[in-house]
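A look at the structure
Residues per chain, in single letters:
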Amino acid sequence: SIHFFFFGEKNNGFDVLYHNMKHGQISSKELSDFIRERVTIEETYSRSMSKLAKSASNFSQLGTFAPIWDVFKVSTEKLASCHMELVRKLQELIKEVQKYVDEQAKAHKKTKEEVASTLEAVQNIQSVSQALQKSKENYNSKTLEQERMRKEGATQRDLDKTGVKVKKATEVYKSFVEKYATTKTEFEQKMAETAQKFQDIEESHILHMKEIIQSYSCSVEDTHKQIEELHQEFVNNMENTSVESLIQKLAESKGTGKERPGKRKHNNSLLIHLNLYDSEEEDERRKFHVEIKPVQPNNGTHQHKATIDELKASIGNITLSPSATVRHTHTHTHTPVTLASQDALPIAVAFTESVNAYFKGADPSKCIVKITGDMTLSFPSGIIKIFTSSPSPAVLSFKLKNTSKLEQILPNQHLLHSDSSQSDTNTRDFWLNMPALTAYLRKNSEQNPTSSYYNVDVLKYQVCSNGIQSTPLNLAVYWKCGPTTTDLRVDYRYNPEAMQPHGPLSSVQVLVPVNGGVTNMQSIPNAIWNADQNKSLWKLNDISEKSENEGSGSLRAKFELSDGPSIPATLAVQFFNEGSTLSGVDMELVGSGYRLSLNKKRFASGRYMADC
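Quick notes on the rules
Residues numbered from 1 in each chain as written. Predicted model: local features only at pLDDT ≥ 70, side-chain atom pairs only at ≥ 80, totals over all residues. Heavy atoms only, no water. Helix = DSSP H or I, 4+ residues; strand = E, 2+ residues; numbered from the N terminus. Buried < 20%, exposed > 50% of the residue type's maximum accessible area, 1.4 Å probe, protein only. Areas by Shrake-Rupley, 256 points an atom, 1.4 Å probe, with all protein chains shown as cover. Phe/Tyr/Trp six-rings, centres within 6.5 Å; stacked < 30°, edge-to-face > 60°. Pairing = 2+ DSSP bridges. Axes fitted to C-alpha atoms, helices over the stretch in contact; angles between N-to-C directions. Contact = heavy atoms within 4.5 Å. Parallel < 35°, antiparallel > 145°, perpendicular 65-115°, else oblique. Nonpolar A, V, L, I, M, F, W, Y, C, P; charged D, E, K, R; others polar. Left-handed = near helix turned anticlockwise from the far one by under 90°. Salt bridge = Lys/Arg side-chain N within 4 Å of Asp/Glu carboxyl O. Core = buried A, V, L, I, M, F, W, Y, C linked by side-chain atoms within 4.5 Å. pLDDT = per-residue confidence, 0-100. Expected span 1.5 Å × (residues − 1). Arc of directions from axis to C-beta.

Here we come to the overall build of the protein chain. A count of helical and extended segments in the protein chain gives nine helices and 20 strands. Residues classed as buried in the protein chain amount to 41% of the 612 residues present. Counting only carbon and sulfur atoms, one obtains 51% of the accessible surface of the protein chain, whose full area is about 34,200 Å².

Set out below in C-alpha cells:
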C-alpha cells in the first residue's frame, strides 16, 4: 500500500493524494483534447486529399499519359476515405473519453464525501500537534524559569508562585501528549483506509486511460495497414499499366481509321454490342428445375429409415467453402444493348439461397434449420474488351446491405476485398480486384468465346436462423399405423415472415415413403401412388397468403395394407421462390462507372424433411 509514503511530520499526505486524484480528471480532459486535435489534423488531411483527387479529374485528358490520372484519382480518393474513417473512429473514441470524464467527476464527488472523516482527522492531528508543541514550549520555559530563580536565590514566595505555573504547564503538556496519542491512532487508521481508496482510484484510472490509448493505437494502426494496402494497389496498377496498353488506348480513342485514302471510309464509333439476358427464353432457362429423386424400394422388415442423428447431421454439416468459380453460359441471339465505351457499364447480380430444415413431430423447438446463400455477379461478354483496353478500369465497388442477419460471410478471396473494420454491423463494403477480375474474364472468354455473358461467384454466406420461424413452410407429420391400415396426416403452414419480400412458394411437392404392402390409397387432396417405389406424391399449387386459409392446410391419406403395420418414414418436401430471399440481404453499387441492370433473388428447398 502507498499510505506508508504519505505520513510525514506535517501530515500533508492526505492533501497530496486528494489533489493527485483531481489531476487524474485533468489528464482525462487533456487526453480528450489531444485526440480531438488529431481528429482535426486527419479531417483536414482527408479533405485535402479529396481536393487533390478532384483536381486530378480536371487535368488534361489529352495525350497518351491521360489514363494515368484515373489511377491517381482512384488511389487518392481511397486514401482520403481511409483518413476520414479514422476521423470517425476517433470521434467515437472522444465520446467514450468524455463519458469517462463525466463518470470520473461523479466518482470523485462521491469519494470526497466518503473521505470527509479522514480530512477531519487530518485537521484534528494538525491542530493537536500545534497545541502540543506550544504546551511543550511553555512547559520548558516555565521549568527553566523556576531553575533560574533557584540559582539566583529568589524568595520562597516567588518560588511558590513559579512552582504553581510549572505544575499547570506540566498538566497541560501531559494532557496534550495523551490527546495527541489518541488523535494519532485515529489519524493513522483513517489515513491508511483513505490512502488505499485513493490507490484503488488511481489504479482504475490508469487502466482506463491505457484502454483508451490502446483503442487509439489500434485505430491508427488499422489506418496505416489500409494505407499500406492502398499503396500496394497503386503500385500494382501502375505496373499493370504498360506502355503498349497506353498506346493501344490512344489508337482506339483517337484513331482516324485503318483504311488508306481512296478507299471507302467507315466511321469507327467504338460501340460495343452486348447481349443481355431480361428475354423469355433465358428466363425460362434460369428457372429452378425441381426433381424429387426416388429412394431405394422398401422390402418389408428391412425398411430404410434415417435416424434422427443422421438427419440432424445432414442438416448441421452443411458448410460454406470459399470457392472461386467462374461460370459461363451459351450464346443467345436476343436483344447489356449498344454501349459506348465511356458509358456506365451494365452488370447483373443474383442472390440464390437454400433452406435446409428438419421437423420433428409437432414440436417447434426441435426444428433444425440451416440457410446458406450465394451472391453471383454477371458480366456481358463485351465488357471484357473495355477492361482489357483500359489501363485502369473503374473499380467495381458495392455495399452489402442487411448483413446483421448473416452469421458468416466468405468472400471470394481471389477477387474480392472488404473493409473488416467497419463499425456498422448492418452493411459491409466490398470492392473487386480489377486486374484479377479482368484476367478471370479474359481466360474464360478464351475458353468459351461464344458465351454471351459470364457468371462469377463473388461470395457465399450463412444466414442467422431462428428455428422454425426461419422456415418458409412449417411442417408437422402424424402417423397412425395399424395391422391393416395406415393413416397419415401432414400439416403445413405458409410463413411469409421468413422471407423478404413476401412471395409464393412454387412447385411444392411432398414425397412420403409408406411400407407394409400398400394395396390401396385414398387421399385428400389427390396424391399419386408409385407402387414400384412404395411412395405417395402430392403436387400442390403455389402456396401464398392468397391461398386458401392463408396458405395453411393438411394432406391426408389412408393406406390399406397386406403386410402391415407400416413403419413411420421421413418425408421430403421441395419448393422454390422467385423474387425473394430468406435473409433480406441486398446490394447497392457504390461510385460511378457501373449500373445494375438486373437484381435477381430466389431461394429453394435443400434437404427439407419431416418426421413424426
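A few words on the packing of aromatic side chains. The final tally for this structure, using the stated rule, is nine aromatic pairs. With a centroid separation of 5.3 Å and 55° between ring planes, the pair formed by phenylalanine 72 and phenylalanine 234 is classed as tilted. Of this pair, phenylalanine 72 sits in helix H2 (residues 68-114) while phenylalanine 234 is found in helix H4 (residues 156-240), placing the two residues 162 residues apart along the sequence. Since its relative accessible area comes to 33%, phenylalanine 72 is described here as partly exposed. Among the residues examined, phenylalanine 234 registers a relative accessible area of 18% and is labelled buried. Each ring, one from tryptophan 529 and one from phenylalanine 559, has its centre 5.8 Å from the other, and the planes form 55°; the classification is tilted.

Below, the discussion takes up the sheet that holds strand S8 (residues 416-418). Taken together, the four strands give an open sheet; going across it, the order is S8-S9-S6-S19, and neighbouring strands pair in antiparallel fashion. Each edge of the open sheet is held by one strand with a lone partner, namely S8 and strand S19 (586-590). The mean angle between the axes of side-by-side strands here comes to 30°, regardless of whether they run parallel or antiparallel. Two strands pair when backbone bridges link them, and strand S6 (residues 397-401) and S19 are joined in this way by five bridges, in the antiparallel orientation. Bridging from a neighbouring strand, lysine 399 pairs with glutamate 588 of S19.

We now examine the side chain of serine 75. Relative to the elements of secondary structure, serine 75 occurs in helix H2. With relative accessibility at 17%, the residue serine 75 sits in the buried group. Apart from the residues lying within four places of it in its own chain, the contact partners of serine 75 are Leu230 and Phe234.

Moving on, we get to the packing of H2 against H4. The N-to-C vectors of H2 and H4 enclose an angle of 175°; their axes lie 10 Å apart at closest approach. On the basis of the axis angle, H2 is roughly antiparallel to H4. Looking at the contact of H2 with H4 residue by residue, the class counts come to 20 nonpolar, 12 polar and six charged.

Another aspect to go through is the environment of serine 562. Inspection of the secondary structure puts serine 562 in the loop between strand S17 (552-561) and strand S18 (571-578). Overall, serine 562 belongs to the exposed group, its relative accessible area being 58%. C-alpha separation for the pair serine 562 and threonine 519, spaced 43 residues apart in sequence, amounts to 6.6 Å. Here serine 562 is in contact with Gly516, Gly517 and Thr519, once residues within four sequence places are set aside.

Bridge count for strand S13 (residues 506-513) against S18 is four bridges, and the pairing is antiparallel. Paired with leucine 511 across the bridge in S18 is alanine 572. Examined bridge by bridge, S18 and strand S20 (residues 594-611) share five bridges and lie antiparallel to one another. Counted as the bridge partner of phenylalanine 576 is alanine 604 from S20.

This paragraph deals with the packing of helix H3 (residues 116-152) against H4. Contact geometry for H3 and H4: axes closest at 7 Å, N-to-C directions at 155°. What the angle tells us is that H3 and H4 run roughly antiparallel. Between H3 and H4 lies a crossing whose hand is left-handed. Class assignment for the residues of the contact of H3 with H4 results in 18 nonpolar, 13 polar and nine charged.

Here the structure, examined in full by the defined rule, presents 17 salt bridges. Among the ionic pairs, glutamate 77 bridges to lysine 73, the shortest N-O distance being 2.8 Å. A residue pair is termed a helical-turn pair when its members lie 3 or 4 positions apart in one helix, as glutamate 77 and lysine 73 do in helix H2 at four residues. The exposure class assigned to glutamate 77 is partly exposed, which follows from its relative accessible area of 34%. Notably, a salt bridge pairs aspartate 374 with lysine 460, separated by 2.6 Å at the nearest N-O pair. Residue aspartate 374 is found in strand S5 (residues 368-380), and its partner lysine 460 is found in strand S10 (residues 453-463); the two are separated by 86 residues along the sequence. In this structure aspartate 374 comes out as partly exposed when scored by relative accessible area, which is 24%.

A few words on the nonpolar core. Counting 72 residues, the largest nonpolar core has Met375, Leu377, Leu400 and Leu473 as its most contacted members. Ranked by the residues each element gives to this core, the list is headed by strand S4 (residues 345-360), at seven residues. With residues up to four places along the chain from it excluded, the contact list for leucine 400 reads Phe351, Met375, Leu406, Ile409, Asn426, Thr427, Arg428, Phe430, Leu459, Val585, Asp586 and Met587.

Taken in spatial order, the four strands line up as S11-S12-S17-S14 in an open sheet, and their pairing is antiparallel. Both edges of this open sheet fall to strand S11 (473-481) and strand S14 (518-524), since each of them pairs with a single strand only. Taking each pair of neighbouring strands and ignoring which way they run, the sheet shows an average axis angle of 15°.

A few words on the confidence of the model for the protein chain. Across the protein chain, pLDDT averages 81, with 80% of residues at or above 70. Across residues 321-335, confidence stays below pLDDT 50; counting only partners more than four residues off in sequence or on other chains, it has 45 contacts. Across residues 337-341 the pLDDT falls below 50, and counting only partners more than four positions away or on other chains, this stretch makes 18 contacts in the model.

Bringing the environment of glycine 24 into the picture now. Considering the arrangement of structural elements, one finds glycine 24 in helix H1 (residues 13-57). Among the residues examined, glycine 24 registers a relative accessible area of 4% and is labelled buried. Residues glycine 24 and histidine 205, 181 residues apart in the sequence, show an inter-C-alpha distance of 7.2 Å. When near neighbours in sequence (up to four residues on either side) are disregarded, glycine 24 contacts Gln104 and His205.

Our focus in this paragraph is the pairing of S20. Direction of pairing for S4 relative to S20: parallel, over a ladder of 15 bridges. The residue bridging valine 355 from the neighbouring strand is serine 605, located in S20.

As a further point, take helix H9 (residues 434-447). A rise of 1.5 Å per residue sets the reference length of H9, with its 14 residues, at 20 Å; its end C-alpha atoms lie 20 Å apart and thus fit the reference within 8%. When H9 is considered as a whole, its buried residues turn out to be Met434, Leu437, Thr438, Leu441 and Asn444. Considered in projection along H9, the buried side chains sweep an arc of 140° and stay on one side of the axis. Exposed and facing more than 90 degrees away from the buried side of H9 are Glu446 and Gln447.

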